[in-house]
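# Inside the fold
Below, each chain spelled out in residue letters.
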Amino acid sequence: MRFWIKIREFGTQVKEQHFTNEIGLILSLPHKNDMTSNPRFALLAALLAFPLAQTLAGGTVFYVSTSGNDMWSGRIHTPDGEKNDGPFATLERAADAVRAIRSAGAISGDTATIFIRQGTYALRKTLHLGKADGGSKEAPVVWRSYGDEKVVLTGGRTIEGFTKVTDQSVIERINPQFRDKILQINLRALGITDYGTIEGRGGPGMELFFDGKRMSLARYPNTDWLHVADVPQSGDTLYNRGLDREKRFKNVPVGRHYGKIQYSGDRPDRWSPKNEIYMHGYWTWDWSDSYQKVESIDPVTKTISIAPPHHHYGYTTNQRFYFLNVLEELDTPAEWYFDRTNGVLYFWPPGTVQKGSVTVSMLDAPLISLDSTSHVMIRDLNLAYSRGNGIVVDGGDHCMVAGCSFSFLGGDPIVFNDGSENGITGCDIFDVALAGVMLGGGDRLTLTPGKNFATNNHIHDYSKWIRTGQYAINISGVGNYVANNLIHDAPHEAIYIKGNEHLLEFNEVYRVCQETGDAGALHTGRDWTWRGNVIRYNYWHDLKGPGLHGVMGVYLDDWGSGFTVFGNVFYKAGRASFIGGGRNNTIQNNVYIDCEPSVHVDARGLGWAGYYFDGTYNTLTERMEAVRYNQPPYSTKYPELLTLYNDQPAVPKYNLITQNVSFRGRWLDVYDWNAFNFDSTVTMRDNVIADPLIVRRRSDGETGWDPYYLNIDMKEGYDLYKYGDTTIMKEFENNVFLNHNPGFVDIKNKNFQLKDDSPAFKLGFKRIPMEKIGLYKDGFRKTISILREPQPQH
């Protein structure tokens, strides 16, 4: 048995590796000359020490099988001829066996392996692995499938016994043309009485699956959205006073409400009050959704009373919503309705119902949890059909999840809370209700790195239930690593960053933020102390959303500061690099194609967001105090924080925009233009600007707040300077302006490398290692997904 790690330097090519009885980890490291000058790469060096091992022969081996017996030894992979010995039947029994033999000091070889034979294992409770269930650097513990056999760990239960609907009072509520399509089953009669709950921003509770696909609660309309006709401004209780600065309709602050909304049309008139109806909507902002329970519907006044708790940002006229769990709207295959009072589920199956074809999610807890566990690997398993999380790792170290798939989960697939040198690699995450990877770790007070990682994962079609604030990867803490992930097709954002000294590289992100607005493929902000984060060598493309304010590529929102955005490729990436009032950010060596704009800079703290600086909201200063910014390690690592309060904190100072290449779009938007001096505040030099549109900004002489916060794309009161305008080209004379292709190799086929004679190289531009972006084959990932297109050609 061999364990290896392949190190590849920038500018070198790693060929596909073939694996036998060995495992490994490929890490992308900087050139050796950069290692000594950049302490950030201590994180990567630490990953090299990650102890991985597996055993196909030798060591201590146990087996688990659906045909096993917990009274057997678990030492042979199939039952013997006399059925006297064979594999275990449960994962818990295997864990007990490993724990017992390890505590007795009887582990032999270099590892303990639990092989799980093919089949579906329905878990009624979490498989808990604690400190005593871990291994060591020399002898780790591995849980994995046996060979290429498919193993499914499920928190669901298959249900059988569907019948035609016979209750006449129910039949009369169903559209006559669909009555013969609808089946019913009494879950209470099957002993299922815990259905979970639908909460405003929580998981979906019990879900229904058919032939490996998630079914939808009966809704109206079946597709698309309704719009709030009005929000009544009278009632017994004012639940939300709204945001006074923004008044879209009838001079009413957005979000102000008395617990009621009004609708258009007469569709709800035909619905029985016996329905337990919910509404899902983007109630005030296009970046925040929730589910709200209907308390009552008045068809005369067309008014819906909403049961508390109410949406955090209130309700606003013309916002999007739809109804769900309405029996009268059970009118499409793959829809279902649940009568929670009587425990009866009504279903229009999209195919023939057969044994095992229908599953309901049951387990409202993680399928697997690791608590203070060390040196454990979980690999090649499929986790699905559960209400809770997939795997939760609390603390511990050197635990790895590899080659697994996570789908049809009501919670988060994989959660890392604290711990160090834990990670996930080579996994597929798709069709999940909430987020993807929650990657925490590291101590923010001491700036001790967590060295946790998420690498080479394919994450797509996530956030299927809650549509906002559920990220493919949510990074927090200090010093964690995210690389070579492929992320796509989601309603909201892909990556959120909190904390310090994280490194994100070689990821590909596209078709996210498809249902929202004022959102970023990568988002961060509202904390001056989140510094030292590097976002480099990633490919962001095809980003477009329907909501207000559109989509950003890298969104340094609300004073996000101290970030480095280097060597990224942005293609049709909306507002590609966005500095929202922050300081000390570096935007360098990036390529922008068809972006509008490539770079955004504003000074929001001097305008519409001034309430963060006048004592109304103290979020920024409170977060400074929370980490003791004026004491080591913050005072020594980030000395600029010591002078921030006395250095015009609302002004976006010390941002550097240099050595970028922009083509065929709009180069720059500057908002709050009349509130600060851009030229003396922002350093912008040595960029190759080959865009037909150069800069968009507020017209000189316009007074008051720059109103982009109402609609970032409004045109009235703004000037747009184009290529050839001698005034603007003189103003930005430290850059190179072109009216042609700046030297891309083959832009038609999306080869965004620059030719050797591109003028960018004379200005200091460095080649971007695009060939290293995205998924790669390793010992866990058997194939590379074909869902990567469009992508750079090499």
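Everything below is about the structure printed above this text.
As the structure is a prediction and not an experimental result, all values here were calculated from the model. Residue indices begin from 1 for each chain and proceed along its sequence in written order. With pLDDT at 70 or above as the cut-off, local features in this predicted model cover only qualifying residues; side-chain atom pairs require 80 or more to be listed or tallied, and sums for whole chains, interfaces and linings still use all residues. Calculated side-chain values reflect all of the structure's heavy atoms, with hydrogen atoms and water omitted.

Turning to the overall build of the protein, a few remarks are in order. Where helices and strands are cited, they refer to DSSP runs of H or I of at least four residues and of E of at least two residues respectively, numbered from the N terminus. Secondary structure assignment for the protein yields nine helices and 66 strands. Atoms counted for the radius of gyration: C-alpha only. Globule rule: 2.2 Å times the number of residues to the power 0.38. For a compact globule of 794 residues, the expected C-alpha radius of gyration is about 28 Å, and the protein comes in at 28 Å, within 12% of that figure. We call two residues in contact when some of their heavy atoms are within 4.5 Å. Of all intrachain contacts in the protein linking residues separated by at least 6 positions in sequence, the fraction that spans at least 24 positions is 68%. Total accessible area on the protein is roughly 30700 Å²; 47% of this is exposed by carbon and sulfur atoms. One way to put it: in the protein the 83 positive side-chain charges average out to a point 2 Å from where the 91 negative ones average out. Using a 1.4 Å probe, the Shrake-Rupley method yields the accessible areas, and only the shown protein chains count as cover for residues. By the counting rule applied here, Lys and Arg register as positive and Asp and Glu as negative, while His and the ends of each chain are not counted. Working definition for charges: the position is that of NZ of Lys, CZ of Arg, CG of Asp or CD of Glu.

What follows is about the sheet that holds strand β14 (residues 216-217). With mixed pairing, the five strands of this open sheet are ordered in space as β10-β11-β25-β24-β14. Looking at strand neighbours, the two that pair on one side only are β10 (163-164) and β14, the edges of this open sheet. As paired strands, strand β24 (residues 335-339) and strand β25 (residues 344-348) are joined by five bridges and run antiparallel to one another. Considered in β25, the bridge of Phe-338 is made with Leu-345. Whether two strands pair depends on DSSP finding at least two bridges between them.

The element β25 is largely enclosed, with a buried count of five among its five residues. Using a 1.4 Å probe on the protein chains alone, a residue whose accessible area is under 20% of its type maximum counts as buried, one over 50% counts as exposed, and one in between counts as partly exposed. Every second residue of β25 is oriented toward a common face, with Val-344, Tyr-346 and Trp-348 on one face and Leu-345 and Phe-347 on the other, all of them buried. Relative to β25, strand β11 (residues 183-186) is paired through four bridges, and the arrangement is antiparallel. Opposite Ile-185, over in β25, you have Leu-345 as the bridge partner.

With that out of the way, let us pick up the sheet that holds strand β26 (residues 358-361). Read from one edge to the other, the open sheet built from four strands follows the order β9-β26-β12-β13, with strand pairing classed as antiparallel. Edge strands, defined here as strands with exactly one partner in the open sheet, are β9 (156-158) and β13 (213-214).

Residues enter patches when their relative accessible area tops 30% and they take part in no salt bridge; the joining distance is 9 Å for like charges and 5 Å for the nonpolar side chains Val, Leu, Ile, Met, Phe, Trp and Tyr. Should a side-chain nitrogen of Lys or Arg be within 4 Å of a carboxyl oxygen of Asp or Glu, the pair is scored as a salt bridge. Residues Asp-371, Asp-394, Asp-418 and Asp-443 make up a contiguous surface patch of negative charge. With respect to the helices, strands and loops of the structure, Asp-394 is situated in strand β30 (residues 391-394). Classification of Asp-394 by relative accessible area gives partly exposed; the value is 31%.

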